[in-house]
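Examining the three-dimensional arrangement
Chain by chain, the residues run as shown.
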Amino acid sequence: SAADLVPYIPVCFYAFRIMVGLGTLFLLFFILIIFFVYYKDITKVKWLLMASVAMLPLGYIASEAGWLVAEFGRQPWAIQDMLPTWAAVSDISSGSVMLTFFLFLALFTTMLAVEISIMLKQIRKGMWSEEQNA
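This one's a predicted model, so the numbers in the text were calculated from it and none came from an experiment. (Residues numbered from 1 in each chain as written. Predicted model: local features only at pLDDT ≥ 70, side-chain atom pairs only at ≥ 80, totals over all residues. Heavy atoms only, no water.)

Tallying secondary structure elements over the chain gives 5 helices and 2 strands in all. What you see in the chain, going N to C, is helices and strands ordered as α-α-α-β-β-α-α. Here the chain holds 134 residues, and the buried ones make up 10% of them. Taking the intrachain contacts of the chain between residues at least 6 apart in sequence as the baseline, contacts between residues at least 24 apart amount to 55%. When the accessible surface of the chain is split by element, carbon and sulfur atoms take 73% of a total near 11100 Å². (Helix = DSSP H or I, 4+ residues; strand = E, 2+ residues; numbered from the N terminus. Buried < 20%, exposed > 50% of the residue type's maximum accessible area, 1.4 Å probe, protein only. Contact = heavy atoms within 4.5 Å. Areas by Shrake-Rupley, 256 points an atom, 1.4 Å probe, with all protein chains shown as cover.)

This is the structure we're talking about:
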């Protein structure tokens, strides 16, 4: 029925506010920490260090709230009023997904190896030039 297509709004409403509120808190807290790093000795500000530890679980809460917003907010539409989720389901076989995954795995592993090789050559080059200057 049409009523089944309407998501439960309060969950999305409050989860969004929790997510944004915690994000704002993190931003303000980061600005406060930057201030103390540049203008004070942060190791002597014990309350700030304790607050940093106390805020660790809030990152997980913000993440979960964001997940709730993503899940409740988009249902039942992949594209609002145009593409319902049941029509957006792909009929790709699991073999195709596995093949694509392993191709990407090989590609990105190769790129990682090349990047590490380039970095090591540059490090050796930098160490060689320092020995020449000494």
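More follows now that the structure is in view.
Here the focus is the confidence of the model for the chain. Considering every residue of the chain, the mean pLDDT works out to 88; 87% of them sit at 70 or more. For the chain, strand β1 (residues 77-79) is the element with the lowest average pLDDT, namely 71, and helix α1 (residues 9-39) is the one with the highest, namely 94. (pLDDT = per-residue confidence, 0-100.)

Below, the discussion takes up the pattern of salt bridges. Scanning the entire structure with this criterion turns up 1 salt bridge. Between Lys-44 and Asp-41 there is a salt bridge; the shortest N-O distance is 3.5 Å. On the accessibility criterion, Lys-44 (66% relative accessible area) is exposed. (Salt bridge = Lys/Arg side-chain N within 4 Å of Asp/Glu carboxyl O.)

Orientation of α1 relative to helix α2 (residues 46-54), taken along the N-to-C sense of each, is 145°, at an axis distance of 12 Å. In terms of crossing hand, the pair formed by α1 and α2 is left-handed. Contact with α1, carried on its side by Phe-29, Leu-32, Ile-33 and Phe-36, involves Trp-47, Leu-48, Ala-51 and Ser-52 of α2 and no other residues of that element. Here the residues of the contact of α1 with α2 are counted per class, giving 7 nonpolar, 1 polar and no charged. (Axes fitted to C-alpha atoms, helices over the stretch in contact; angles between N-to-C directions. Left-handed = near helix turned anticlockwise from the far one by under 90°. Nonpolar A, V, L, I, M, F, W, Y, C, P; charged D, E, K, R; others polar.)

With that settled, the discussion passes to the packing of aromatic side chains. Evaluated as defined, the whole model comprises 6 aromatic pairs. Between Phe-13 and Tyr-14, the ring centres sit 4.9 Å apart and the planes meet at 85°, which makes this aromatic pair edge-to-face. Owing to a relative accessible area of 36%, Phe-13 belongs among the partly exposed residues under this scheme. By relative accessible area, Tyr-14 is classed as exposed at 51%. Here Phe-36 and Trp-47 contribute two aromatic rings whose centre-to-centre distance is 5.9 Å and whose plane-to-plane angle is 85°, an arrangement assigned as edge-to-face. Separated by 11 residues along the polypeptide, Phe-36 in helix α1 and Trp-47 in helix α2 bring together distant segments of the chain. The rings of Phe-35, Phe-36, Tyr-39 and Trp-47 are connected pair by pair, giving a single aromatic cluster. (Phe/Tyr/Trp six-rings, centres within 6.5 Å; stacked < 30°, edge-to-face > 60°.)

Quick look at α1 now. When the terminal C-alpha atoms of α1 are compared, their 45 Å separation across 31 residues agrees well with the 45 Å that a helix rising 1.5 Å per residue should span. Of all the residues in α1, the buried ones are Ala-15, Leu-22, Phe-29 and Phe-36. (Expected span 1.5 Å × (residues − 1).)

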